[in-house]
Amino acid sequence: MEAGRFEGSEGWEFQRIADALRAEIGDGIHPVGHYLPTQRQLVVQFGVSRDTVQRALRVLIADGVIESRQGIGSRVLSAQTEERQHVHTSSALPTHSGRPALGPFIAEAFEAQDVTLDVATLTSESLHTHIRLQAERVRNEEIHPKSISVRLLLPAQSSTLAYPRLRDKNNTEDVRPLARLRRITRLHTDSLRAALEDLQTENLVNAVDVQVRTVPFTPTFKLYLLNETQALHGLYVLTERAMRLDDGEEVEALDVLGLGATLFHYVKDQEESQGSLFVDSAQTWFDKHWAILGEDSSVQSPSTRLE
C-alpha cells in the first residue's frame, strides 16, 4: 500500500486495521479467549508496518476488545465480544465462523451500482466498522458502486436516554455513561461520513450522500434497510455490565449490547410475502420518522474538519 494514502503518513490506516480485526472478532474468526495472529503475521496479512499494527492493537485495547501481554500475545476478551451479531435468515450468506452475520449482507448491498442504506440505531459504531471495510473494497477495485446514499437515524444528543446509565437507581445525576455514548456516536458518525465522502473526493464514486438526523427517544431496536429490497431488524438486549468511563473509572452500568441482538432478515420478493410486507412496513416507518420527527444532526460535518 502506498504511504500517505490516508491522511498523514499513516492517517486512518491503523484505524482500518482495527476495524477489520473488530469485524473478524464479531464474525467469530477470532473467538473469545483465543489469541489474535502475531504482530508479524498481521503485518503480512494487511501489508502494513509493525508500527501501524501496534497502533491498531492499542485502539482495540483501549476499547476493551482485547488484552495484550508482552511475550504472550493479544487475547480476545469476553466483555464486549462474547455475544456476536447473529442474523436469522433462510438465505444467509456464508461467514468464516459458519454462522450468519451482518458483514456479508452489508458487503452484498455495496455490490450494487446504486447503494442505499437507511439505518436506525442507538450508535453508529457497528455500521462505521462495516462502512470503512466497504470503502476499502472500493479503493481496492473489488466493487464499483456509482452512487452511495446513507441515511442514519440516531437518538438526539440532547435527549435523556433510558440507557446507558449507572446501575444504581438512586444515582440519576451521573451522566458520564451518556456522555461516553455521545462521544462514541460523534466519533464514529464523523468517521463514517468522511470514509464515504472521501471516495467521491478521490473520484472513486460518482455521487455520495450521507445524511444524519436525530429523534427524541431511546431506540429499543436496530434496523438496517438495504437497497430498498432487504431489511435486518433486531431488538436490543438490556444488560448489566462493567463500563469503563472516559475518566478511566470502571462502574456497573445498565446498557444494551448491539452485538447481543439477533437480527432477523427479510427480503422483498413476492408481492404479498411476509418478507415483502415487512420491508415495505419498515421502510414506511423509517421514512415517516425521518420526515416528521427527524432533526438535522449536530454531529460534526466533514466540511468543518481541519485539512
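Refer to the preceding data block for the structure.
Keep in mind the model is a prediction, meaning the values are calculated, not measured. (Residues numbered from 1 in each chain as written. Predicted model: local features only at pLDDT ≥ 70, side-chain atom pairs only at ≥ 80, totals over all residues. Heavy atoms only, no water.)

Could you give me a rundown of the overall build of the protein chain, with the residues and numbers involved?
Along the protein chain, the regular secondary structure elements total 7 helices and 13 strands. For the protein chain, the residues scored as buried account for 51% of the 307 residues in total. Excluding contacts between residues fewer than 6 apart, the proportion of contacts in the protein chain whose partners are at least 24 apart in sequence is 71%. For the protein chain, the computed accessible surface area is about 15,400 Å², with 47% contributed by carbon and sulfur atoms. (Helix = DSSP H or I, 4+ residues; strand = E, 2+ residues; numbered from the N terminus. Buried < 20%, exposed > 50% of the residue type's maximum accessible area, 1.4 Å probe, protein only. Contact = heavy atoms within 4.5 Å. Areas by Shrake-Rupley, 256 points an atom, 1.4 Å probe, with all protein chains shown as cover.)

Explain the pairing of strand β11 (residues 250-257) to me, using residue names and the numbers behind them.
The buried count for β11 comes to 6 of 8 residues, which makes it a mostly enclosed element. Bridging between strand β6 (residues 165-166) and β11 involves 2 bridges; their strand directions are antiparallel. Paired with R165 across the bridge in β11 is L254. Bridge analysis of strand β10 (residues 237-244) against β11 gives 8 bridges, and the strand direction is antiparallel. Counterpart to M243 in the pairing with β11 is V251. The loop that links β10 with its antiparallel partner β11 comprises 5 residues; one of these, G248, has a positive phi angle of about 95°. (Pairing = 2+ DSSP bridges.)

I'd like to hear about the packing of aromatic side chains, residue by residue, with values.
The full count for this structure, using the stated rule, is 3 aromatic pairs. Between F286 and W290 the ring centres are 5.8 Å apart and the planes differ by 15°, which places this aromatic pair in the stacked class. Within this pair, F286 and its partner W290 are both found in helix α7 (residues 274-293), separated by 4 residues, close to a single helical turn. In this pair, the class of F286 matches that of W290, namely buried. (Phe/Tyr/Trp six-rings, centres within 6.5 Å; stacked < 30°, edge-to-face > 60°.)

Tell me what's going on with helix α5 (residues 125-139), and back it up with residues and numbers.
End to end, α5 covers 22 Å across 15 residues, agreeing with the expected 21 Å (1.5 Å per residue, within 8%). Counting buried positions along α5 gives 12 out of 15 residues, so the element sits mostly inside the fold. Taken residue by residue, α5 has L127, H128, T129, H130, I131, R132, Q134, A135, E136, R137, V138 and R139 as its buried positions. Those residues of α5 that are buried lie in contact with α1 (13-26), α4 (102-109), β4 (114-120), β5 (147-155), α6 (176-201) and β8 (221-226). After α5 finishes, the residue E141 shows a positive phi value of roughly 60°. (Expected span 1.5 Å × (residues − 1).)

Give me the sheet that holds β10: which residues, what numbers.
Strands sit in the order β6-β11-β10 across an open sheet of 3 strands; the sheet is antiparallel. Here the strands that pair on one side only, and so sit at the sheet edges, are β6 and β10. Sheet strands touched by α6: β6, β10 and β11. Its angle to β10, the strand with the most contacts, is close to 95°. (Axes fitted to C-alpha atoms, helices over the stretch in contact; angles between N-to-C directions.)

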